[in-house]
Amino acid sequence: KKIAKMSKKGLAMPTPFWLQNELRNFTSDIISDAESTNRGFLNFDYIKQIQKEHIDGKEDNTRKITCLISFFLWQKYYQ
């Protein structure tokens, strides 16, 4: 009865960990593909820097990286 009456709780996804590990190569590939399409439009030195900082555990750039991945995939499929 106690469990049934509990309030809802969110599910935290381990996205920061995935970006450092399982999705590391996927993210690098997406960024590399997008670099050729967006030359002069975005600062890819900065994008690679935030990815490296995240992988090295210096900064949690999950939100920035996932937004960029979403934009690059959207751009790839709808360009």
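Residues numbered from 1 in each chain as written. Predicted model: local features only at pLDDT ≥ 70, side-chain atom pairs only at ≥ 80, totals over all residues. Heavy atoms only, no water.

### Describing the nonpolar core
Keep this limit in mind: What is meant by a nonpolar core is a set of buried Ala, Val, Leu, Ile, Met, Phe, Trp, Tyr and Cys residues, joined one to another through side-chain atoms within 4.5 Å. Any residue under 20% of the maximum accessible area for its type is buried, any over 50% is exposed, and the rest in between are partly exposed; the area is computed with a 1.4 Å probe on protein chains only. For the purposes of this entry, the term helix denotes a DSSP run of H or I that reaches at least four residues, the term strand denotes a run of E that reaches at least two, and both are numbered from the N terminus. A contact between two residues is defined here by any heavy atoms of the two lying within 4.5 Å.
Ile30, Ile31, Ala34, Phe44, Ile47 and Phe72 together form the largest nonpolar core, which totals six residues. For this core, the secondary-structure elements that each account for two or more residues are helix 2 (24–37) and helix 3 (44–55). With three residues, helix 2 is the largest single contributor of residues to this core. Setting aside anything within four residues of it in sequence, one finds Ile47 in contact with Ile31, Leu42, Leu68 and Phe72.

### Quick word on helix 4 (residues 62–78)
Side chains three or four residues apart in an α-helix point the same way, a direct result of the helix having 3.6 residues per turn. Just so we agree on the cut-off: Expected span of a helix: the number of residues minus one, times 1.5 Å.
Here helix 4 contains 17 residues, and its C-alpha end-to-end distance of 24 Å stays within 8% of the 24 Å for a straight helix at 1.5 Å per residue. Along helix 4, the positions that sit buried rather than exposed are Thr62, Ile65, Ile69, Phe72 and Gln75. Of the surrounding secondary structure, the elements contacted by the buried residues of helix 4 are helix 1 (15–20), helix 2 and helix 3.

### Side note on the packing of aromatic side chains
Just so we agree on the cut-off: Ring geometry is summarised as follows: Phe, Tyr and Trp rings, the Trp one being its six-membered ring, pair when their centres sit within 6.5 Å, and such pairs are stacked at plane angles under 30 degrees, edge-to-face over 60 and tilted between the two.
This model, assessed by the stated rule, comprises four aromatic pairs. Aromatic pair Phe44 and Phe72: ring centres 5.8 Å apart, planes at 20°, arrangement stacked. Separated by 28 residues along the polypeptide, Phe44 in helix 3 and Phe72 in helix 4 bring together distant segments of the chain. Assessed through its relative accessible area of 5%, Phe44 is described here as buried. Following the ring pairs from residue to residue traces out a cluster consisting of Phe44, Phe71, Phe72, Trp74 and Tyr78.

### Details of the side chain of Asn38
Structurally, Asn38 can be placed in the loop between helix 2 and helix 3. You can call Asn38 buried: its relative accessible area is 3%. For Asn38, the contacting residues outside a window of four places in its chain are Phe44, Phe72 and Gln75.

### What about the packing of helix 2 against helix 3?
Cut-off, in case you're wondering: Lines fitted to C-alpha atoms define the axes here, with helix axes fitted over just the stretch in contact, and angles between the N-to-C directions of these axes take values from 0 to 180 degrees. Small angles under 35 degrees read as roughly parallel and large ones over 145 as roughly antiparallel, with 65 to 115 read as roughly perpendicular and the rest as oblique. When residues are grouped by polarity, Ala, Val, Leu, Ile, Met, Phe, Trp, Tyr, Cys and Pro land in nonpolar, Asp, Glu, Lys and Arg in charged, and all others, Gly among them, in polar.
Two numbers describe how helix 2 lies on helix 3: the axes approach to 11 Å, and their chain directions differ by 175°. Considered as vectors, helix 2 and helix 3 are oriented roughly antiparallel to each other. Residue-level inspection shows Arg24, Thr27, Ser28, Ile31, Ala34 and Glu35 of helix 2 in contact with helix 3, the latter providing Phe44, Ile47, Lys48, Gln51 and Ile55. When grouped by side-chain class, the residues that make up the contact of helix 2 with helix 3 number five nonpolar, three polar and three charged.

### Things to note about helix 3
Cut-off, in case you're wondering: Any N or O atom pair separated by 3.5 Å or less is treated as a polar contact, with the protein-specific requirement of one donor-capable and one acceptor-capable atom, and with residues adjacent in sequence counted only for side-chain atom pairs.
Compared with the 16 Å implied by 1.5 Å per residue over twelve residues, the 16 Å span of helix 3 between its first and last C-alpha is a close match. Buried-residue contacts for helix 3 involve helix 1, helix 2 and helix 4. Among the residues of helix 3, the N-terminal cap falls to Asn43, whose side-chain oxygen and the backbone nitrogen of Asp45 are separated by 3.1 Å. Directly after helix 3, the chain includes Gly57, whose backbone phi takes a positive value near 80°.

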